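Secondary and tertiary structure notes
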Amino acid sequence: MVSLAADDLLTGTVLNNADKAFDGNPGTYFSATNFNYGWAGLDLGERHVITRVGWMPRDNVPSRMILGVFEGANSPDFMDALPLHIIRSVGEVGKPGEMNYAEITCSVGFRYVRYVGPATSFSQVAELEFYGHKGMGDHSNLTRITNLPTVSIHTLDGVIPYDKEHEIEAQFTIIGDSSYALLSEPGTIRERGNASRDFPKKPWRIKFEKKQHVLDAPAHAKKWTLINNYGDKTLMRNLLAFELSRRLGMPYTPYGRAVDVLLNGEYKGCYQLCDHIQVHKDRVQIEEMTPRDNSGDALTGGYFFEIDAYADREASYFYSNQWKPVTIKSPDSDSITSVQKNYIRNHFNRMESNWSSYLDLNTFLRHFLVGELSGNIDTYWSVFMYKQRLNDTIYTGPVWDFDLAFNNDGRIRNPNDMSDYVYRSGGSCAGNMRSFVDKIIINNESTKDQLLAIWGEARHNGIDQEHLVAFVDSMEEELLLSQELNFLRWPIMKKIVHQNPRIWGSYAAEVENVRDFIRKRVEWMDNRLGYTYVPESISIISDSDPDDIDFSRPYSVYSLSGQTLGTDLNALPTGIYIVRQGPLVKKIQIR
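The structure presented is a predicted model; accordingly, all values stated were derived computationally and were not measured. (Residues numbered from 1 in each chain as written. Predicted model: local features only at pLDDT ≥ 70, side-chain atom pairs only at ≥ 80, totals over all residues. Heavy atoms only, no water.)

Take glutamate 71: it is sitting in strand β4 (residues 69–73). Through-space distance from the C-alpha of glutamate 71 to that of glycine 265 is 7.1 Å; in sequence the pair is 194 residues apart. Ignoring any residue separated from it by four or fewer positions in sequence, one finds glutamate 71 in contact with Phe78, Ala81, Leu82, Pro83, Leu84, Tyr112, Val113, Arg114, Val116, Ser152, His154 and Gly265. Here the side chain of glutamate 71 touches arginine 114 through a polar contact of 2.9 Å, side chain to side chain. Within the local environment of glutamate 71, its side chain forms a polar contact with the side chain of histidine 154, the two groups lying 2.8 Å apart. (Helix = DSSP H or I, 4+ residues; strand = E, 2+ residues; numbered from the N terminus. Contact = heavy atoms within 4.5 Å. Polar contact = N/O pair within 3.5 Å; in protein donor to acceptor, adjacent residues only side chain to side chain.)

For helix α5 (residues 361–373), spanning 13 residues, the distance from its first C-alpha to its last is 18 Å, which sits close to the expected 18 Å at 1.5 Å a residue. Burial within α5 is extensive, with 12 of its 13 residues counted as buried. When α5 is considered as a whole, its buried residues turn out to be Leu361, Thr363, Phe364, Leu365, Arg366, His367, Phe368, Leu369, Val370, Gly371, Glu372 and Leu373. (Expected span 1.5 Å × (residues − 1). Buried < 20%, exposed > 50% of the residue type's maximum accessible area, 1.4 Å probe, protein only.)

Right, let's get into the confidence of the model for the chain. Chain-level pLDDT for the chain is 93 on average; 96% of the residues reach the 70-or-more range. Throughout residues 1–5 the model reports pLDDT below 50, and contacts reaching past four residues in sequence, or to other chains, amount to 14 contacts. Across residues 542–546, confidence stays below pLDDT 50; counting only partners more than four residues off in sequence or on other chains, it has 2 contacts. (pLDDT = per-residue confidence, 0-100.)

Attention shifts here to the pairing of strand β12 (residues 204–213). Where strand β11 (residues 182–191) and β12 come together, 5 bridges link them in antiparallel fashion. Across the sheet, residue arginine 190 finds its bridge partner in β12, namely arginine 205. Sheet analysis places β12 next to strand β13 (residues 220–227), joined by 6 bridges and oriented antiparallel. The partner of lysine 207 across the bridge, within β13, is lysine 223. If you look at the hairpin formed by β12 and β13, you'll find 6 residues sitting between the two strands, and leucine 215 has a positive phi there, around 50°. (Pairing = 2+ DSSP bridges.)

A word on a negative patch on the surface. Together, Asp77, Asp157, Glu169 and Glu209 make up a region of like negative charge exposed at the surface. Locating aspartate 157 in the fold gives a position in the loop between β9 (150–155) and β10 (168–175). (Patch = residues over 30% accessible without salt bridge, like charges linked within 9 Å, V, L, I, M, F, W, Y side chains within 5 Å. Areas by Shrake-Rupley, 256 points an atom, 1.4 Å probe, with all protein chains shown as cover. Salt bridge = Lys/Arg side-chain N within 4 Å of Asp/Glu carboxyl O. Lys, Arg positive; Asp, Glu negative; His and termini not counted. Charge placed at Lys NZ, Arg CZ, Asp CG, Glu CD.)

This paragraph deals with the packing of α5 against helix α7 (residues 445–459). Packing of α5 against α7 leaves a shortest axis separation of 10 Å and a crossing angle of 65°. Remark: the crossing between α5 and α7 carries right-handed chirality. Between α5 and α7, the contacting residues are Leu361, Asn362, Leu365, Arg366, Phe368, Leu369 and Leu373 on the first element and Thr447, Gln450, Leu451, Ile454, Trp455 and Glu457 on the second. The class makeup of the residues in the contact of α5 with α7 is 8 nonpolar, 3 polar and 2 charged. (Axes fitted to C-alpha atoms, helices over the stretch in contact; angles between N-to-C directions. Left-handed = near helix turned anticlockwise from the far one by under 90°. Nonpolar A, V, L, I, M, F, W, Y, C, P; charged D, E, K, R; others polar.)

Right, let's get into the side chain of aspartate 260. As for its placement among the helices and strands, aspartate 260 is situated in strand β14 (residues 256–263). Despite its burial, aspartate 260 remains without a salt bridge, the nearest opposite charge being carried by arginine 88 at 7.2 Å. A polar side-chain atom of aspartate 260 sits 2.5 Å from a polar atom in the side chain of threonine 146. What aspartate 260 contacts, discounting residues up to four positions off in sequence, is Ile145, Thr146, Leu148, Pro149, Thr150, Val151, Tyr267, Gly269, Cys270 and Ser482.

On inspection of all chains with the given rule, the structure shows 33 salt bridges. Notably, a salt bridge pairs lysine 164 with glutamate 314, separated by 3.9 Å at the nearest N-O pair. Residue lysine 164 is located in the loop between β9 and β10, and its partner glutamate 314 is located in the loop between β16 (303–308) and β17 (317–319); the two are separated by 150 residues in the primary sequence. Given a relative accessible area of 22%, lysine 164 falls into the partly exposed group. Its relative accessible area of 25% is what places glutamate 314 among the partly exposed residues. A network of salt bridges, in which partner residues are shared, links Asp473, Glu476, Glu512, Arg515 and Arg519.

Turning our eyes to something else, we now look at the nonpolar core. By size, the foremost hydrophobic cluster in this structure holds 93 residues, and its most contacted members are Phe364, Met385 and Ile441. Here this core takes 9 residues from helix α9 (residues 507–529), the largest share from any one element. Ala21, Ile87, Ala102 and Val125 belong to the second largest nonpolar core, which has 37 residues in total. (Core = buried A, V, L, I, M, F, W, Y, C linked by side-chain atoms within 4.5 Å.)

All right, on to the sheet that holds strand β18 (residues 325–330) then. Across the sheet, 5 strands lie side by side as β17-β18-β16-β19-β20; this open sheet has antiparallel pairing. Whereas interior strands pair on both sides, the edge strands pair on one side only; in this sheet they are β17 and β20 (394–396). Between one strand axis and the next, the sheet turns through 30° on average, direction left out of account. As judged from the 4 bridges shared by β16 and β18, these two strands associate in the antiparallel manner. By the bridge assignment for β18, isoleucine 307 is matched with valine 326. Running at roughly 60° to β16, helix α3 (residues 338–353) makes contact with β16, β17, β18, β19 (382–387) and β20 of the sheet. This element, α5, spans β19 and β20 of the sheet and lies at about 20° to β20.

Encoded structure:
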């Protein structure tokens, strides 16, 4: 029954009771029995390279085809399906009664082809056509939804993930940065997250059967996450915060990439493919314990845990002596012993009562700076920490969860309009974390000096308005095509969702809000920390070359790390200092 002429209209056995989509009669139409994930397809009998697809919208609802997806597969259950085309606009849908076409460049040969309607459409379509020629094809050219990598997920029997406990069998197909980069592997999928699970755009945890290198990620691992970023209309806040983490020198920053996601052929939007935060040689680098590690050196680690406002929802958690809720991430709840749980609880209690002896300030302060620089209200709602074997120190990190950062939370004022840190001005804190951070950041003078030194280092390592705004610009350009489709799928741009403080009205305006926040936030942090940024190009002047500095007039003196040292060079020992007088800034060497 298959047409033999190359690139002719193909015929075959109609699938899924979709005869009306292939009957050549514009007066009839196919309508699936399912509100979502409906589809109409053909079994071509043997493999064909598809070169063209055609469609005719139903007479009175052409808009129901926007984001409709065409797929090809070689398994009758479409578990191995690859995308061929997505309908991007009302204009592309076309007029009722007329066929509309798209050229296909995917070079793979397929036996099974189908059209999957967008959400809530019943997949209604008047006519479908597939064109092509016989052939096995090759993988020299694959179709992505946009310029971003495409993640296509197909679940066994079409079961949709519905909670955090049940793993749904799935096939994951990832088309990478080049048109031929393909990863197709089996695994499982489930929902993930806490508050983010309440959104219609669901977040997922995916797990491959075998460890995989995904895109350009450093880790070779089974577990990965797909972050939904529903309330972040820039779709970039987490990725921007990760960039801050890298520039602030955190030991480990999670991998993240923006991707387009399909589930059972239905377009789900722009997501962030990210590391699953876990003990791993390329993630949280500590020893992974076994149930046998109950004494001696082995009992001392490693432990990975989270100060977590949602701890009482988890299987393995405790409350500290000072009432901090702590979820134990590793060892996990299935393998941790009572001896191990008691050990890490007691050690955490020692740390919170004597933080100067047990808390690593280097990671804690860098983590703090990422949270405050981004204006993240949730910094101390969830804090990852870890302890290594034979080391009493507790380290902080990695950073995580920034969808409400960068001026995206209506529960507080714009952080740049506040006089104090976000965590002290309405930030969400688990347990007594606010007072715990106060002890370190506000009430300890030596900590303030270390914080200022770290900030000064960061200011000369890409934490400045120019470089950060350039990063936002690059992300905006990268996301431009994907965000258009995302907000067709989720038309929320002119609605308040999650904790949005206001409606900016367009993607460009949403991104400009982030740019404006970053420009002002760097200066705000300088002022709050008492730091003066001095460009590297500032010259040193000597006693014989006192260019422009008039020491008979007032001036201010700073250390090279930006710490204020007063208004008199004569009171300072030998060394190099920064002098500011009006707009003039110079390095001065005192011999």
